[in-house]
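# Close look at the chain arrangement
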Protein chains: 2
Amino acid sequence: MVSIKDIAERAGVSYSTVSKALNDSPLVKEETKRRILEIARSMGYQRNLLARHLVSGRTRLIGFGLVNLGNPIFANLTIQLHRALAALDYRMVIAISPDEIDLLNQMRADGLVIWADLVSRHPHLMEELGRWQAKTLVIGTDEPVPLPHVRFDRRAGIAKAVEYLRSFGHRRIGFIGSSQEIKVRAFLDAVQQAGLTPSLDWLYPAEPTFEGGYRAIRYARPDVPMPTAFIGLNNLITKGALRALLELGYRVPQDVSLIGYDNLPDMQFAEVPITTVGPSLEEVADFAAHRVVDMIDGKPGPDAHVIEPILIPRASVERAPDRDDT
Amino acid sequence: MVSIKDIAERAGVSYSTVSKALNDSPLVKEETKRRILEIARSMGYQRNLLARHLVSGRTRLIGFGLVNLGNPIFANLTIQLHRALAALDYRMVIAISPDEIDLLNQMRADGLVIWADLVSRHPHLMEELGRWQAKTLVIGTDEPVPLPHVRFDRRAGIAKAVEYLRSFGHRRIGFIGSSQEIKVRAFLDAVQQAGLTPSLDWLYPAEPTFEGGYRAIRYARPDVPMPTAFIGLNNLITKGALRALLELGYRVPQDVSLIGYDNLPDMQFAEVPITTVGPSLEEVADFAAHRVVDMIDGKPGPDAHVIEPILIPRASVERAPDRDDT
DNA sequence: CAATCAATTAACAACGTGGTTATTCACGAG
DNA sequence: CTCGTGAATAACCACGTTGTTAATTGATTG
């Protein structure tokens, strides 16, 4: 590979002059600059960012750490974050394990954006991250964590969904998803807030997959009366639930309404375009990119930020049918 | 950040000794080695890969260049390639524009895996890539290109789909997708090969999106009799077409059979699990990763490789209905 | 004509490693 | 006692840059 020394030799100047010329420094005569640039071009010179980064201490590299690439939401976030970072002239490297995160640190990535599940799944990571020099931003937490983070207010999102359904007259609402206490509580609280009396019968535990959502509805307890509306805790669950509902002969939204969590574009292409609630992934990515870059630049900013969920109305919610027997 | 010099000072040895100790060289006494390692650990030493790479000339970085991250197939391939590269101890950096590819080269990425559309969309890229030192592998081409590449034999895939439909008795087959000559010809040839007489009426031009597939069927020419089977040229088109068919009251597969291109896992979650044909993305990623690493290591290998498409039978194909009036 | 000054360029240290060569040291053989 | 000898370590160069400092010009001025 041709280096600035090669160019210097060819041009009959010192390599430091070449360096300045390539960086368009005012310390070099215009004519010399032009001549050097021309020679560099003709020799097919490509600057070596490794060397530059070694001396400058900055790599313009940001790691994105996540866990399960199976859920389309991660693919989506990856795209969005890549876009947002590219706009700020940063490159993105993906990591899906603590080992890879470690390597990013050894590569001297300037910053790390880490999906909350990755740290919660590897608890020792949290303290390590705090010690490292790479600026770390955790995104997608439900609860505050001892690192700069972006929180998704899932509580507010669930509340929004419940209220929305309530405004359509629904009084018995099923909740399909994790039986994790915090989420269940958020739902039950929201229901109460909406002036309804929640019942544990309204909970439909499900794995966070299409299968999970499908089975939760398809093989639900037969003794529990069918709610007039459901909230699915993520995109896959919701799609699975929709499939099961249709198979069971329910019309959506005439017989049963449905709201899904996670604002993914392809939710509109389901059998019935699905009304969704959740953070805008574009907003998340934009905020995370700007925030982490600010952290790198030493600019002040909030250590915690909450992304407000938004509700996107589509066709899967309608007025509650009469069979609502409350 | 702590460097080997800091460790050397603390340990009272020269920094070259520390370097050797960290690399477990036999030139250092075992006891010294242990002592140095202990000090390094206690000081929270993290090796600097930038510096190492500068001297070694290798970065263990591989760029993945692609175009449209909107189609889930790209997200899928990204995941798969990441997985395959991580297994070989390489990191992956995403690039979606020629500029970003350029930067990868300046970062001295050891190799590049580039999706064919990216080079075909930016023709000047091809010759540049040839000149660069990063080993380049183009994947997903339809035709041979003057660079090492992995070809998807779409011709064979289409032929496989046609044959499969033929074996179920279908005699009028619709082809939904690009009106690009090469693909259309592949289809028409395959039909002829299967002993049928193709007609231009069988072509349903469509943009490569869900909308495209939907509109192609929903607003098809009313004077053309409905084929008994369709082939959709990619995953989105196929899903759109399926939606349209169902909306028009056709039962799939009883009234109309459907095969989609692109073996994406989520095709099984469509309204009707869709039979697909296409390259296995896992195989593509594994081959590409191994091949590009071999190229980096200077190992010999084929400049061109063809991935044979495979057909995954699901529920969307059945025997042709009687209305087949040929 | 020497001194001064601005403009230009050259020389060099540094970044943190990995390798190569030189030095030191202890020890045993002659 | 001296001379290898081998083990262990130190010293140094290179990788390709950037930034700082020193040197070299050519012109200007008193």
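These remarks concern the structure in this document. (Residues numbered from 1 in each chain as written. Chains lettered and ligands numbered in written order. Predicted model: local features only at pLDDT ≥ 70, side-chain atom pairs only at ≥ 80, totals over all residues. Heavy atoms only, no water.)

So, on to the protein's contact with DNA strand C. Taken together, 28 residues are adjacent to DNA strand C, and A:Ser14, A:Leu27, A:Thr32, B:Ser19 and B:Tyr45 come closest. When the atoms of DNA strand C within 4 Å of the protein are grouped by moiety, sugar and phosphate amount to 57% of the total. A distance of 2.9 Å separates a phosphate oxygen of DNA strand C from a polar side-chain atom of B:Ser19. Note that a phosphate oxygen of DNA strand C is positioned 3.1 Å from one of the side-chain N or O atoms of B:Arg52. Elements represented by at least two residues in the surface near DNA strand C include exactly α2 (15-22) and α4 (49-56) of chain A together with α1 (4-11), α2 (15-22) and α4 (49-56) of chain B. Each residue belonging to the surface near DNA strand C can be placed in one class, and the counts come to 11 nonpolar, 11 polar and six charged. (Near = heavy atom within 4 Å. Polar contact = N/O pair within 3.5 Å; in protein donor to acceptor, adjacent residues only side chain to side chain. Helix = DSSP H or I, 4+ residues; strand = E, 2+ residues; numbered from the N terminus. Nonpolar A, V, L, I, M, F, W, Y, C, P; charged D, E, K, R; others polar.)

Residue and element names in this part refer to chain B. Taken in spatial order, the six strands make up an open sheet running β7-β6-β8-β9-β10-β12, and their pairing is mixed. Looking at the sheet topology across the chains shown, the edges are occupied by β7 (203-205) and β12 (310-312). Between one strand and the next, the sheet's axes are offset by a mean angle of 20 degrees, whatever the strand orientation. Sheet analysis places strand β9 (residues 257-261) next to strand β10 (residues 275-278), joined by three bridges and oriented parallel. Residue pairing for β10: Ile259 is matched across the bridge by Thr275. (Pairing = 2+ DSSP bridges. Axes fitted to C-alpha atoms, helices over the stretch in contact; angles between N-to-C directions.)

Here the focus is the sheet that holds strand β7 (residues 203-205) of chain A. Residues and elements named next belong to chain A. Judged by pairing direction, the sheet is mixed, and its six strands sit side by side in the order β7-β6-β8-β9-β10-β12 without closing on themselves. The two strands at the open ends of the sheet, each matched to only one other strand, are β7 and β12 (310-312). The average angle at which neighbouring strand axes cross in this sheet is 20 degrees, direction not considered. Pairing analysis gives four bridges linking strand β8 (residues 229-232) to strand β9 (residues 257-261), with the strands arranged parallel. What sits directly across from Ile231, in β9, is Ile259. Strands β6 (173-177), β7 and β8 of the sheet are contacted by helix α10 (residues 181-193), whose axis makes an angle of about 165 degrees with β6. (Contact = heavy atoms within 4.5 Å.)

This part covers the pattern of salt bridges. Residues and elements named next belong to chain A. Summed over the entire model, instances satisfying the criterion amount to 34 salt bridges over all chains. A salt bridge links Arg154 to Asp142, with the shortest nitrogen-to-oxygen separation between them at 3.4 Å. Of the two residues, Arg154 is situated in helix α9 (residues 154-167) and Asp142 in the loop between β4 (135-141) and β5 (149-152); the sequence distance between them amounts to 12 residues. Assessed through its relative accessible area of 21%, Asp142 is described here as partly exposed. (Salt bridge = Lys/Arg side-chain N within 4 Å of Asp/Glu carboxyl O. Buried < 20%, exposed > 50% of the residue type's maximum accessible area, 1.4 Å probe, protein only.)

Mapping chain A onto chain B calls for a screw motion: a turn of 180 degrees about the axis and a shift of 0.0 Å along it, with 0.1 Å RMSD after fitting. The transformation just described matches what one would write down for a two-fold rotation axis. Of all interface residues in chain A, 100% are interface residues in chain B too; the two copies therefore contact each other through one and the same surface. (Least-squares fit on C-alpha atoms with pLDDT ≥ 70 in both.)

Counting residues at the interface gives 39 residues for chain A, matched by 39 residues for chain B. Summed over both sides, the interface of chain A with chain B buries roughly 3,800 Å², with 65% coming from carbon and sulfur. Sorting the residues of chain A by area buried against chain B places A:Gln46, A:Leu50 and A:Arg108 first, and these three jointly supply 17% of that buried surface. For the pair chain A and chain B, the number of links is zero salt bridges. There are 14 residue pairs in polar contact (both at pLDDT 80 or more) connecting chain A and chain B. Of all the elements in the fold, those that place two or more residues in the side of chain A that touches chain B are α4, α5 (72-87), β2 (91-95), α6 (98-106) and α11 (210-218) of chain A. Across the side of chain A that touches chain B, the residue classes tally to 21 nonpolar, nine polar and nine charged. (Buried area = accessible area lost by both parts, 1.4 Å probe.)

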